[in-house]
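Read off the chains here:
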Amino acid sequence: MISSLRGMNDILAEDYERFTYFITTATEIAKKYGFHFVQTPLLEETALFKRSVGESSDIVGKEMYQFIDKGENDVCLRPEGTAGVVRAFVQKKLDKAGGVHRFYYHGAMFRYERPQKGRLRQFHQFGVESFGVDSVYEDANMIMMASDILSALGIGYRLQLNSLGDQNCMPAYRESLVKFIESCEDEICEDCQRRKLTNPIRVLDCKNEKCQSLYLNAPKLLDNLCAGCQSDFDKLKTILDQNNIKYEIDTNLVRGLDYYSKTAFEFVSDNIGSQSAITGGGRYDRLVEFLDGKATPAVGFAMGIERLLELIVMPESKREGYYLGAMDDEAIDMIVTLAHQKRKDAKVNVEYKSKNLKNHLKGADKVNARFCCVVGENERNDGTIWVKDLENKAETTIKVEDF
RNA sequence: GUGGGAUUAGCUCAGUUGGUUAGAGCACUGGUUUGUGGUGCCGGGGGUCACGGGUUCGAGCCCCGCAUCCCACCCCA
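Numbering of residues starts from 1 in every chain and runs along the sequence as written. Each chain is given a letter, starting from A, and each ligand a number, starting from 1, according to the order in which they appear as written. For this predicted model, a pLDDT threshold of at least 70 governs which residues receive local features, and a threshold of 80 or more governs which side-chain atom pairs are given and counted, while totals over whole chains, interfaces and linings are taken from all residues.

Enquirer: Describe the domain arrangement of chain A, listing the residues and the values that go with them.
Expert: Domains assigned within chain A are domain 1 (13-169 + 225-309) and domain 2 (322-402). Residue ranges for the domains originate in an automatic or database domain assignment. Each of domain 1 and domain 2 has a C-alpha centre, and these two points are 51 Å apart.

Printed below as a string of structure tokens:
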């Protein structure tokens, strides 16, 4: 037997219904916020991700499905969605067009990771990206939209918030943090020594107790914001307060992708195991420029669909459509024809074997039909069909022409 | 990439110190005093015990390898 590749799952039946229910719900809400759909290729030039996500990130450093195609191009399956959308934005010259552009997307992403619950090699994200708005109201808008989507699906969450600073305050902070780390470099763990070089802010949420005790006196990101970042962050908190969105400040929250600045946020769930981040996002005002576009402020987020699936509270499934059955073989041809007509505007299940009434009712119940419709000897003689509404138990016998 | 656990029917799981023909519940399917379901009763099918080796008179059980899933790291959605 050939089975699917490690970390790559089939989605069918009940799972697929949850999947589409999520997409439908999220799409509806994104549209209400004025977003438009964008679809970008699954395969992109490798350089796109190296430049946007950043070579220092694990995603680019060791998790990409990267290969040389038959035309000798260095390509890879997209590990995330933002880079492709920004590339499309620049390629379509929307940066030069100016104005505000808001997009949502969903689709498969690929990362060569060791699978775990909530962590697959092929997984799906729903994401949104907003271009051209530098106001912190847009940051808040993003958070409210993510919150609306999760709430509409009945998903509980905690929202974690941080500001990463911008090019005025971040580099200086980074420098002072590195200086601090160097002052105790001999005592910190190997991971932290590596992080000092790749992503120094990461050391702050090291799990190692000894490291933690050393970092108590480390400079804090939020204490070192410049005036602009500070007032934006304060404003963001005020907007969220005014709209009853609860949040926790997490000064150690660092987005794993290099392009983020200022607002960073993450929605986490306590009900799905260790891969608890269900939505992550933030502002990335420099990325359009990095990808050769005209400098354009931007902010977005992405949701991990598989992580959400089991948290979704599905609406109760209602009885729907018709079940047609025959009580003797002579009636079978007739119900097949009736079903064909009825299917023009309704869902119809047909049983091809003649059975007694009890078994037909069982069958209708099993396929969750609203109406159980049966033709037996009596009905055949009268040119009628017996119909029972399985919801309110009402029974009628009607002329076949009126069915 | 590192360390640990698991893998038996479609699903969830039992299976004694290694010993006849590997079980249960649910699901599926057939019948049910011959026209009333979701909730009665009786029956039936379905397993290369993940896969490949080894030890043994004998392996679901012990040993080695391998695959996948899960957990903790790492990282992220």
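There's plenty left to go through after this.
Enquirer: A description of the nonpolar core should follow, citing residues and the corresponding values.
Expert: Grouped together as the largest cluster of nonpolar side chains are 77 residues, with contacts concentrated most on Val86, Phe89, Val128, Met142, Met145, Ala146 and Leu308. For this core, the leading source of residues is helix α6 (residues 136-152), giving eight residues. Distance between backbone-placed C-beta atoms decides contact: two residues are in contact if it is within 7 Å. With sequence-adjacent residues up to four places away left out, Val86 is seen in contact with Ser52, Leu287, Val288 and Leu291. Counting 17 residues, the second largest nonpolar core, distinct from the first, contains Tyr323, Cys372, Cys373 and Val374. To define a nonpolar core, we join buried Ala, Val, Leu, Ile, Met, Phe, Trp, Tyr and Cys residues through C-beta atoms within 7 Å and take the resulting set. With C-beta atoms placed from the backbone, the exposure class of a residue follows from how many other C-beta atoms lie within 10 Å of its own: 20 or more, buried; 12 or fewer, exposed; in between, partly exposed. Runs of E in the DSSP output that reach at least two residues are strands. Runs of H or I that reach at least four are helices, and both are numbered from the N terminus.

Enquirer: Break down the sheet that holds strand β3 (residues 66-68) for me, citing the residues and quoting the values.
Expert: Within a sheet, adjacent strands bond to each other through the backbone by hydrogen bonds, running parallel or antiparallel. Strand pairing requires that DSSP identify at least two bridges connecting the strands. Judged by pairing direction, the sheet is antiparallel, and its three strands sit side by side in the order β2-β4-β3 without closing on themselves. Of all strands in the sheet, those with a lone pairing partner are β2 (43-45) and β3, marking the two edges. On average, each strand axis in the sheet is inclined to that of its neighbour by 35 degrees, with strand direction left out of account. The sheet contact formed by β3 and strand β4 (residues 74-77) spans three bridges and is antiparallel. If you follow Gln66 over to β4, its bridge partner there is Cys76. With axes taken as lines fitted to C-alpha atoms, and helix axes fitted only over the stretch in contact, angles between N-to-C directions fall between 0 and 180 degrees. Packed onto the sheet, helix α2 (residues 46-54) meets β2, β3 and β4 and runs at close to 75 degrees relative to β2.

Enquirer: For the confidence of the model for chain A, give the residues involved together with the corresponding values.
Expert: When pLDDT is averaged across chain A, the result is 91; 100% of the residues are at 70 or more. As a predicted assembly, this complex carries a pTM of 0.91 together with an ipTM value of 0.87. Values of pLDDT, the confidence the predictor places in each residue, fall between 0 and 100.

Enquirer: Describe the sheet that holds strand β11 (residues 298-304), naming the residues involved and giving the relevant values.
Expert: Read across the sheet, eight strands follow the order β1-β5-β6-β11-β10-β9-β7-β8 without closing on themselves; strand pairing throughout is mixed. With one partner strand each, in any of the chains shown, β1 (36-37) and β8 (248-249) form the two edges of the open sheet.

Enquirer: Tell me about the environment of Glu187, and please be specific about residues and values.
Expert: Inspection of the secondary structure puts Glu187 in the loop between α7 (170-183) and α8 (190-198). Not counting residues up to four positions away in its chain, the partners in contact with Glu187 are Lys210 and Leu214.

Enquirer: Break down the environment of Glu80 for me, citing the residues and quoting the values.
Expert: Following the sequence through the fold, Glu80 ends up in the loop between β4 and α4 (82-91). When the C-alpha positions of Glu80 and Gln125 are compared, they lie 8.0 Å apart, and in sequence the two are 45 residues distant. Once residues within four sequence positions are removed from consideration, Glu80 is found in contact with Val53, Ile59, Met109, Leu257 and Ala302.

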